[in-house]
Amino acid sequence: MKRGSKLTTIVSTMLVVLMILLIVYTGSRYDELKEELAIRQMHFLNQRPAEISQ
């Protein structure tokens, strides 16, 4: 096996493992992350200036 293709295989495998870890982390903490996102969205919406409707 050539060195370039071996390096590509290693990098690809590492990326797949990292993606799986990210999915597992997100799945295990989904409720907490969803709640934090809702709080951030409420904060953002409260900081926007009120639009004047005419």
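Above this note sits the structure.
As the structure is a computational prediction, the values presented were derived from the model and not from experiment. (Residues numbered from 1 in each chain as written. Predicted model: local features only at pLDDT ≥ 70, side-chain atom pairs only at ≥ 80, totals over all residues. Heavy atoms only, no water.)

Caption draft 1: Representation of the overall build of the protein within the structure. Along the protein, the regular secondary structure elements total 2 helices and 0 strands. Here the protein holds 54 residues, and the buried ones make up 0% of them. Accessible area for the protein stands at about 5,600 Å²; split by element, carbon and sulfur atoms hold 66% of it. (Helix = DSSP H or I, 4+ residues; strand = E, 2+ residues; numbered from the N terminus. Buried < 20%, exposed > 50% of the residue type's maximum accessible area, 1.4 Å probe, protein only. Areas by Shrake-Rupley, 256 points an atom, 1.4 Å probe, with all protein chains shown as cover.)

Caption draft 2: Expanded view of the pattern of salt bridges. Overall, the coordinates contain 2 salt bridges when judged by the stated rule. The closest approach of N and O atoms between Glu32 and Arg29, which form a salt bridge, is 2.5 Å. (Salt bridge = Lys/Arg side-chain N within 4 Å of Asp/Glu carboxyl O.)

Caption draft 3: Broad picture of a nonpolar patch on the surface. The grouping of Leu7, Val11, Leu15, Val17, Leu18 and Leu21 at the surface amounts to a nonpolar patch, some 560 Å² of accessible area in total. Relative to the assigned elements, Val17 resides in helix α1 (residues 3–28). Look at Val17 and you get partly exposed, because its relative accessible area is 43%. (Patch = residues over 30% accessible without salt bridge, like charges linked within 9 Å, V, L, I, M, F, W, Y side chains within 5 Å.)

Such coordinate-based values are descriptive only and should not be taken to indicate function.
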